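# Analysis of the macromolecular model
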Amino acid sequence: MNWSSLDWSALDRLRSQFLGGVTPSVPYWQSSADLATYDFTYGERIGWKWDAVLAELRLRRWLPSETGNLRVLDWGCGSGVAGRRVVKWLGVERVASLSVWDHSPIARRFAADKAQEAFPGLSIQEPPKSEAFCDLLVISHVLNELSAEAEVSLLASIAQAHAVLWVEPGTHSVARALQRHRNNLRSQFSIIAPCTHQADCGLLSAGNERHWCHHFAAPPAGVHADGNWVRFAQRAGIDLRSLPYSFLVLDRQAPFTALDPDHGPTARIIGRPDAFKPYVRLLGCESDGAHELTVMKRECPVLYKQLERARGPLLYRWQRNGDRIVAGQPCQP
Ligand SMILES: C[S@@+](CC[C@H](N)C(=O)[O-])C[C@H]1O[C@@H](n2cnc3c(N)ncnc32)[C@H](O)[C@@H]1O
């Protein structure tokens, strides 16, 4: 697949599907060409979100526990971009098998073939049913397509998994749905990310309804100046500079470990900090809840500067005085 062989009419059809907001009752993939076109464009863009999530897991020094013998399942695989990103991140030698599940048999076949092509030595197993057991369950951009029945089936897969890597769009409704799943799954799993704590989700408390737990990934350098990507973005109605996502990483076996236990509690900035001349305003999430906080330029000039151009996982250690941050620094790898 390359830009000149891209099926633009298939992209337009997929765009209407994705923007339609209607739960599809039947699979919308019509051919493997649809999936190839998706994989090269929408799928690649989702891959950039996965790159951000997996980079954060490196920062957090987290890997699934049974790293010698992992059975990985990509649920709702589509073209299989998420499963392939995860296998690459783990290293193929750590993966006993990859299974791909989708209610579309065309997608299952495409994702399996593409993974085999990318990792010739990898064992690809067809899952016997949608709720197959696995060590590591990979879920990507499925929540807003699932019927109530399909969501129950996904939750049954989660109930059998040792660890879960789940990435979704960064929209208000999907991110808040993921927050609710996080709260419900808290008794069975340690929350590895995005949270820096195991307490109730602060954004679900009364008064925080307008907020949602989302983050921004950085697209690869040069994408905005690439004529093909620009044309795709215009056609798909996408802003190439903005890659909002929500995510959840769960581990049944690993106990929760604070990011940097020797240096006190850590916090996460939700969304992007807003920079004004005299201060930065941000929404910070910690074990005692989510708070709207300010960083005064004159009080914390270094932190102010960092926050003005903040990128990557916005994980910080800071001290607060009321709703002001009076000292702080980013968590380092
Ligand atoms: C937006 S695509 C995302 C594909 C892929 N996970 C990714 O991140 O690129 C959503 C996928 O979920 C699949 N899907 C929708 N409903 C499903 C269900 N009930 N069971 C399994 N897969 C489903 C669709 O066929 C489609 O491949």
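### A few points about the nonpolar core
Ranked by size, the top nonpolar core spans 80 residues in total, and within it Val72, Leu136, Leu137, Val138 and Val164 carry the most contacts. Per-element tally for this core: the top contributor is strand S8 (residues 243-251), with 6 residues. Counting the residues that make up this core, at least three belong to each of domain 1 (3-251) and domain 2 (261-330). Sequence-distant contacts of leucine 136, defined by excluding residues within four places in its chain, comprise Pro64, Leu70, Val72, Ala161, His162, Ala163 and Leu165.

### Some thoughts on helix H4 (residues 81-90)
The element H4 is largely enclosed, with a buried count of 7 among its 10 residues. Within H4, the full set of buried residues consists of Val81, Ala82, Gly83, Arg84, Arg85, Val86 and Val87. Note on H4: the residue one or two positions beyond its end, glycine 91, has a positive phi of about 95°.

### A word on the packing of helix H1 (residues 8-20) against helix H2 (residues 32-40)
At a closest axis distance of 9 Å, the pairing of H1 and H2 adopts a crossing angle of 80°. As summarised for this structure, H1 and H2 are arranged roughly perpendicular, according to the angle between their axes. Across from Ala10, Leu11 and Leu14 in H1, the residues of H2 making contact are Ala33, Asp34, Thr37 and Tyr38. Counted by class, the contact of H1 with H2 contains 5 nonpolar, 1 polar and 1 charged residues.

### A short note on the domain arrangement of the chain
On domain assignment, one finds that the chain holds domain 1 (3-251) and domain 2 (261-330). Domain 1 and domain 2 are separated by 29 Å when their C-alpha centres are compared. In this assembly, 16 residues from domain 1 lie in contact with 15 residues from domain 2. Of the residues assigned to the side of domain 1 that touches domain 2, the class counts are 8 nonpolar, 7 polar and 1 charged.

### Here's the deal with the site of the ligand
The full set close to the ligand counts 19 residues, and Gly76, Gly78, His103, Ser140 and Ala150 are the nearest of them. For the shell around the ligand, a count of residues per class yields 9 nonpolar, 8 polar and 2 charged.

### Regarding the environment of arginine 268
Checked against the element boundaries, arginine 268 lands in strand S9 (residues 267-275). Spatially, the C-alpha atoms of arginine 268 and arginine 71 are 31 Å apart, while their sequence positions differ by 197 residues.

### Section: helix H7 (residues 172-185)
With 14 residues, H7 should reach 20 Å at 1.5 Å per residue; the first-to-last C-alpha distance of 20 Å fits that figure. Every buried residue of H7 is accounted for by Ala175, Leu178, Gln179, His181 and Arg182. The buried residues of H7 all sit within an arc of 160° when viewed along its axis, so they share a single face. Residues Ser173, Arg180 and Asn184 are exposed on H7 and point more than 90 degrees away from its buried face.

The rules we used
- Residues numbered from 1 in each chain as written.
- Predicted model: local features only at pLDDT ≥ 70, side-chain atom pairs only at ≥ 80, totals over all residues.
- Core = buried A, V, L, I, M, F, W, Y, C linked by C-beta atoms within 7 Å.
- Buried ≥ 20, exposed ≤ 12 C-beta atoms within 10 Å, placed from the backbone.
- Helix = DSSP H or I, 4+ residues; strand = E, 2+ residues; numbered from the N terminus.
- Domains from an automatic or database assignment.
- Contact = placed C-beta atoms within 7 Å.
- Axes fitted to C-alpha atoms, helices over the stretch in contact; angles between N-to-C directions.
- Parallel < 35°, antiparallel > 145°, perpendicular 65-115°, else oblique.
- Nonpolar A, V, L, I, M, F, W, Y, C, P; charged D, E, K, R; others polar.
- Near = placed C-beta within 6 Å.
- Expected span 1.5 Å × (residues − 1).
- Arc of directions from axis to C-beta.

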